[in-house]
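Fold and contact review
The primary structure of each chain is shown beneath.
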Amino acid sequence: MIKILNICDDNFDIEFNNLLQRASIDIGNIIPQVLNILQDIKKRGEEALLENVCKYDHWNPTNFNELRINEENIYNSYKKLDSKTKDSLQIAYDRIFDFHSRNSPRGFLYFDNHLNMLGQNVLPVQRAGIYIPGGKAFYPSSLLMNAIPAKVAGVKEIIMTSPTPYNKINDTILATMYLCGISEGYKIGGIGAIGMLAYGIGKYQWSKNMLHFAKRDSNTFKKVDVITGPGNIYVATAKKLVFGEVNIDMIAGPSEIGIIADSSANKKFIAIDMLSQAEHDSMSSAILITDNYKFAQEVAEEININLSKLIRKEIAETSINERGAIVVVENLKQATMLMNEIAPEHLEIIMQDPFSILGDIKSAGAVFLGHYTPEAIGDYLAGPNHTLPTGGSARFFSPLSVDNFCTKSSIISFSKNGVDNLGIHCMNLADSEGLQAHKLSVQYRLDSN
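Quick look at the overall build of the protein chain now. What the protein chain contains, in helices and strands, is 16 helices and 16 strands. In terms of principal-axis extent, the alpha carbons of the protein chain reach across some 80 × 60 × 45 Å. For the protein chain, with 449 residues in total, the buried portion stands at 46%. Only carbon and sulfur atoms are counted for the fraction: they give 51% of the accessible area of the protein chain, which is about 22400 Å². Considering the protein chain, the positive charge centre built from 42 side chains and the negative charge centre built from 50 side chains are found 8 Å apart.

This is the structure in structure tokens:
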């Protein structure tokens with residue numbers, strides 16, 4: 001049974017603080033294991049990678065090339081995909097592409113009052129690695145959400161990796177690769193995939209004309225510039241450890257939903273929306289905050305009724321009992337204050353006028369407004385990305401976007417007039433820091449008249 005907390009209870013502070021720790025997982029115990037595997041891949045390359053596939057995915061590739069997904073299989077999987085799924089994937093693709101196209105960053109240039117040109121150049125990264133979870137379930141929606149913003153950014157080389165237990169990969173994943181125009185994919189998941197993407201496999205050398213990389217052998221993989229995509233605690237920890245070697249999107253944990261609702265909400269809607277997150281993972285969390293105790297009880301009862309109907313009943317039940325809660329507050333202002341502390345991955349606001357409190361929401365990965373906007377719509381085809389910050393990290397992380405696949409360079413071009421007018425101030429600042437060559441580099445230009 002989901003627990004019901006009341007803000008007026010004496011022990012509420014303790015219980016609510018426990019909710020805020022929902023994503024606190026002690027990764028200290030697994031860091032040594034993850035780090036050892038990453039270092040082994042960095043040192044031994046192909047040999048270590050193949051050993052990991054054999055150990056964790058239960059098949060035995062003899063060389064790196066066997067991990068590559070055959071391009072013909074990608075095309076054939078799309079060709080034989082049933083029309084219903086194909087149409088739905090296409091609609092989702094179009095909507096996600098449209099949204100991210102509107103959110104594409106742009107560079108700028110301007111001249112200041114000394115005729116100095118200043119600006120910013122926005123460029124796509126060259127290579128992006130997208131990690132798609134697999135094994136227990138498959139997620140073509142995650143492939144769309146990671147590949148499309150990379151395509152909008154203009155990334156030329158998008159590489160997908162996904163776990164393939166017993167060397168079997170899902171046909172819908174392959175079909176989605178074709179839809180996204182991805183021709184390079186690898187049958188590997190977990191720490192091994194992150195290590196491969198971050199460090200590369202084999203040796204590369206520059207060609208004589210310095211215009212491109214020349215591979216020494218076919219069993220070679222060039223490291224990527226950025227790794228995006230969700231995964232389990234081992235994948236999240238591996239991404240954390242390779243950050244700096246490459247860029248990453250975020251360190252995401254178990255899925256979660258927060259809901260603010262008043263008594264105008266439909267209890268069936270609320271209950272099933274909470275369960276839609278609970279069925280993801282036993283460590284997922286679902287939290288409802290409402291100003292009506294009777295409504296809280298009704299939702300709790302509705303959750304129990306629906307639990308018995310779910311295929312993933314055991315997973316959802318564990319999530320609801322251990323990491324779920326319904327919080328009863330005195331008013332909706334308290335609800336927004338508490339929800340800002342939770343900073344949920346997904347936030348539904350289901351009340352008579354949801355827009356009336358939208359301005360009070362300071363931290364949430366994605367906000368779903370109104371009675372007819374279930375979180376699942378955002379998972380698949382609303383348009384905004386479903387790769388979102390979890391565990392309260394919405395306070396400082398943002399949803400996956402085109403920005404994650406771009407770099408930004410500052411543009412600076414000073415005129416002689418600009419140096420003449422501003423140089424003395426630059427020299428003063430350099431002098432204050434004791435950097436003589438800095439000062440002289442400006443002085444020489446001033447003296448060049």
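With that out of the way, let us pick up the pattern of salt bridges. As enumerated under the stated definition, the model contains 15 salt bridges in all. Glu245 serves as the salt-bridge partner of Lys42, at 3.8 Å between the closest nitrogen and oxygen. Here Lys42 is found in helix H2 (residues 31–44), whereas its partner Glu245 is found in the loop between helix H9 (233–242) and strand S10 (247–248), with 203 residues between them in sequence. Of the residues examined, Lys42 reaches a relative accessible area of 51% and is grouped as exposed. With its nearest N and O atoms 3.6 Å apart, the salt bridge here joins Asp171 to Lys80. Of this pair, Asp171 sits in helix H7 (residues 171–180) while Lys80 is found in the loop between helix H4 (71–79) and helix H5 (83–102), placing the two residues 91 residues apart along the sequence. By relative accessible area, which is 58% here, Lys80 ends up exposed.

Moving on, we come to the packing of aromatic side chains. Tallying each qualifying case throughout the model produces 10 aromatic pairs. An angle of 20° between the planes, with centres 5.6 Å apart, marks the rings of Phe12 and Phe16 as stacked. With Phe12 and Phe16 both in helix H1 (residues 12–20), this residue pair falls 4 residues apart, about one helical turn. As far as the burial class goes, Phe12 and Phe16 line up, both buried. Taken together, the ring pairs connect Phe64, Tyr186 and Phe221 into an aromatic cluster. Taking the ring centre of Tyr78 as reference, the NZ or CZ of Lys86 above it sits at 4.5 Å. Arg127 extends its terminal NZ or CZ atom over the ring of Phe221, reaching a point 4.9 Å from the ring centre.

Take empty space enclosed by the protein next. Summed over the entire model, instances satisfying the criterion amount to 2 cavities of 30 Å³ or more. Here the largest cavity defines a volume of roughly 40 Å³. Every residue along the wall of the largest cavity is listed here: Gly229, Pro230, Gly231, Ala236, Lys239, Asp249, Met250, Ile251 and Ala252. Tallied by class, residues from the lining of the largest cavity come to 5 nonpolar, 2 polar and 2 charged.

It is worth spelling out the sheet that holds strand S3 (residues 117–124) at this point. Sheet strands pair by backbone hydrogen bonding; their relative direction is either parallel or antiparallel. Judged by pairing direction, the sheet is antiparallel, and its 3 strands sit side by side in the order S2-S3-S16 without closing on themselves. In this open sheet, the two edge strands, each paired with only one partner strand, are strand S2 (108–111) and strand S16 (406–413). Across the sheet, the mean angle separating the axes of adjacent strands is 15° when strand polarity is ignored.

Once that is clear, we can look at the sheet that holds S10. Across the sheet, which stays open at both edges, the 5 strands sit in the order S6-S5-S4-S9-S10 with parallel pairing between neighbours. Looking along the sheet, the strands with just one partner apiece sit at the ends: strand S6 (184–186) and S10. Bridge count between strand S5 (residues 157–161) and S6: 3 bridges; the pairing is parallel. From the neighbouring strand, Ile159 faces S6, where its bridge partner is Glu184.

A separate point is the side chain of Thr164. As for its position among the elements, Thr164 is in the loop between S5 and H7. A relative accessible area of 0% means that Thr164 is categorised as buried. In contact with Thr164, not counting residues within four places along its chain, are Asp57, Trp59, Ile169, Lys187 and Ile188.

Right, let's talk about the environment of Asn29 for a bit. With respect to the element layout, Asn29 can be found in the loop between H1 and H2. Measuring from C-alpha to C-alpha, the distance between Asn29 and Cys426 comes to 50 Å, with 397 residues separating the pair along the chain.

One non-glycine residue, Leu115, lies in the positive phi region at around 65°. As for its position among the elements, Leu115 is in the loop between S2 and S3. Taking relative accessible area as the criterion, Leu115 reaches 59% and is therefore assigned exposed. Phi at Tyr166 is positive, roughly 60°, even though this residue is not glycine. Tracing the backbone shows Tyr166 in the loop between S5 and H7.

About the criteria used
- Residues numbered from 1 in each chain as written.
- Predicted model: local features only at pLDDT ≥ 70, side-chain atom pairs only at ≥ 80, totals over all residues.
- Heavy atoms only, no water.
- Helix = DSSP H or I, 4+ residues; strand = E, 2+ residues; numbered from the N terminus.
- Buried < 20%, exposed > 50% of the residue type's maximum accessible area, 1.4 Å probe, protein only.
- Areas by Shrake-Rupley, 256 points an atom, 1.4 Å probe, with all protein chains shown as cover.
- Lys, Arg positive; Asp, Glu negative; His and termini not counted.
- Charge placed at Lys NZ, Arg CZ, Asp CG, Glu CD.
- Salt bridge = Lys/Arg side-chain N within 4 Å of Asp/Glu carboxyl O.
- Phe/Tyr/Trp six-rings, centres within 6.5 Å; stacked < 30°, edge-to-face > 60°.
- Lys NZ or Arg CZ within 6 Å of the ring centre and 35° of its normal.
- 1 Å grid on protein atoms, 1.4 Å probe; cavity = no way out; pocket = protein on both sides within 12 Å on 5 of 7 lines; lining within 4 Å.
- Points joined across faces, edges and corners; volume = space filled by probe spheres on them.
- Nonpolar A, V, L, I, M, F, W, Y, C, P; charged D, E, K, R; others polar.
- Pairing = 2+ DSSP bridges.
- Axes fitted to C-alpha atoms, helices over the stretch in contact; angles between N-to-C directions.
- Contact = heavy atoms within 4.5 Å.

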